[in-house]
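Secondary and tertiary structure notes
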Amino acid sequence: MAAGQRVIVAGAGPVGLLSALALANQDIPVTVLEAEPALTHDLRAGTYHPPSLEIMAQYGVTDEMHETAIKVPRWQMRDRKLGLIVEWDLTEIADLTPYPYRLHFEQHKLTPLLYARLMRFPHAEVKFSHAVTNVVQTADKVIVTTQSPDGQPGRFEADWLVGADGGRSVVRRSIDAELEGFTWPERFVVIGTSVDLSLRGYAFNAYVADPDEWCALFKMPGERPPGFWRVLFPVPPDESDEVALSPENVERRMQGFETLGERYPVVSKIIYRVHQRVARKFRVGRVVLAGDAAHLNNPLGAFGLNGGIQDSANLTDKLGRICRGEGDAALLDLYERQRRTVNLEFVQEYSIRNFKRLAAKSPAERQANIDELRRTDANSEARRQFMRVSTMIASVQRANAIQ
Ligand SMILES: Cc1cc2nc3c(=O)[nH]c(=O)nc-3n(C[C@H](O)[C@H](O)[C@H](O)COP(=O)(O)OP(=O)(O)OC[C@H]3O[C@@H](n4cnc5c(N)ncnc54)[C@H](O)[C@@H]3O)c2cc1C
């Protein structure tokens, strides 16, 4: 066991569980404190980029995901009226990664895989129904107070605390790390349907630009083959959640996107608010933030959860070294410099750019976007660079180069 140092992780979401697994795997005792009574099952992220698959492969998680996940080597940029603009083929960068594709696999299926592996370590524990309510630091430890749903208080001590408690992070508030950025006026509605959209020419992942109602498509594994399709649309500020989720409006949006000639079978629907925000700091003393607790972005490009997975790998490598006495706490400042910088430069920058490209209104702007995509596609170096960026390979390399 590593030098007796202990870590608490707040939050048993994907970033918290992966962080705990990476620490336990380095023989570091770890306690995960989760507010909910069990792992959450809501439909959220579901696209994994190559660096995330490489990170999780070392724990056997990536292989297990592949048993039921959908590989997406080709994905499309389209225009609702003009059809296909560009189809990217990630096998062109097979020299850069063993996983030259996007992998589609629901987030709520990943967390049980991480949890099961974590539970194999006798020095790891997950305490459900333990909501973190307060954090206090002294010179040599961090003290975390929790509360159970029936009001039972709890108290935990450790050397380090990882705040992976999501967008409304209590840990983030405890270190006064304000989230800076903005919230889009539009919300996103995501409609699930069993209609096979590949028969209409769509790749398993496609982004469809339109000045009135753009959309994004993802083929997901679902509970069994052949899976289902998720179609994401923007919802204007003056349309309420209830109206957007009503059967009439779900049907209107789906038929507007692709006329079916019959009612769409709808298997799921959710609506959520979309933010572009980054915490002012990722670390204060013995407390460090990762994942949605540290940053939020729109899902166009699938940088949110993937960015959190990359935070987790970067942070747990450094925490491991600190716990073994191979480095000091300054490594956590390096973590902040590396991961906060690439979140601003890359995740925020490109997710905002993706949103604007899909939603562009003026004919001149739309044409300029199309011309740029076609120019990129026509030049093998530019195409390769585009794929390095969109797979997040470039951002991981950039983070690692920061000192
Ligand atoms: C509705 C929705 C849809 C999304 N869709 C997409 C998508 O399509 N594509 C995409 O890339 N991303 C999407 N995202 C973002 C993606 O799901 C997140 O980036 C990802 O969940 C981040 O993982 P995380 O572990 O950091 O945080 P979370 O998954 O939020 O996990 C945080 C965990 O902490 C727990 N917790 C919270 N407060 C406390 C507390 N006080 N004490 C203890 N535990 C606590 C929570 O219960 C939860 O288990 C979506 C997010 C939402 C909310």
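Residues numbered from 1 in each chain as written. Predicted model: local features only at pLDDT ≥ 70, side-chain atom pairs only at ≥ 80, totals over all residues. Heavy atoms only, no water.

Topic: the sheet that holds strand 15 (residues 215-220)
To summarise the sheet geometry, strands pair through backbone hydrogen bonds and adopt either a parallel or an antiparallel arrangement. Note the cut-off: The rule for pairing is simple: two strands pair if DSSP sees at least two bridges between them. Secondary structure elements are taken from DSSP: a helix is a run of H or I of four residues or more, a strand is a run of E of two residues or more, and numbering for both begins at the N terminus. Every residue pair with non-hydrogen atoms within 4.5 Å of one another is taken to be in contact. Interaxial angles span 0 to 180 degrees and are taken between N-to-C directions of axes, which are lines fitted to C-alpha atoms, for helices over the stretch in contact.
Judged by pairing direction, the sheet is mixed, and its eight strands sit side by side in the order 6-5-14-15-16-13-17-20 without closing on themselves. Single-partner strands in this sheet number two, and they are strand 6 (83-89) and strand 20 (295-296). Of the strand pairs in this sheet, strand 13 (residues 179-193) and strand 16 (residues 228-235) are connected by seven bridges, and their pairing is antiparallel. Each residue of the ladder has a partner; that of Ile191, found in strand 16, is Val231. The strands touched by helix 7 (residues 247-257) are strand 13, strand 15, strand 16 and strand 17 (266-279); relative to strand 16, the strand with the most contacts, the crossing angle is about 100°.

Quick word on the packing of aromatic side chains
Two measures describe an aromatic ring pair: the distance that separates the ring centres and the angle between the ring planes. Heads up, the rule is: The criterion for an aromatic pair is that two Phe, Tyr or Trp rings (for Trp, the six-membered ring) have centres within 6.5 Å, with stacked assigned to planes under 30 degrees apart, edge-to-face to planes over 60 apart and tilted to the rest. Only protein chains enter the accessibility calculation, which uses a 1.4 Å probe; a residue whose area is less than 20% of its type maximum is buried, one above 50% is exposed, and one in between is partly exposed.
Scanning all chains against the criterion turns up 19 aromatic pairs. Aromatic pair Trp88 and Phe386: ring centres 4.0 Å apart, planes at 15°, arrangement stacked. Here Trp88, found in strand 6, pairs with Phe386, found in helix 11 (residues 380-390); they are 298 residues apart in sequence, far enough to count as distant. Phe386 matches Trp88 in its accessibility class, with the two residues each being buried. Arranged with centres 5.2 Å apart and planes meeting at 45°, the rings of Phe346 and Tyr350 form a pair that is tilted. With Phe346 and Tyr350 both in helix 9 (residues 330-359) and four residues apart, the pair spans about one turn of that helix. Under the relative-accessibility criterion, Tyr350 is labelled partly exposed at 24%.

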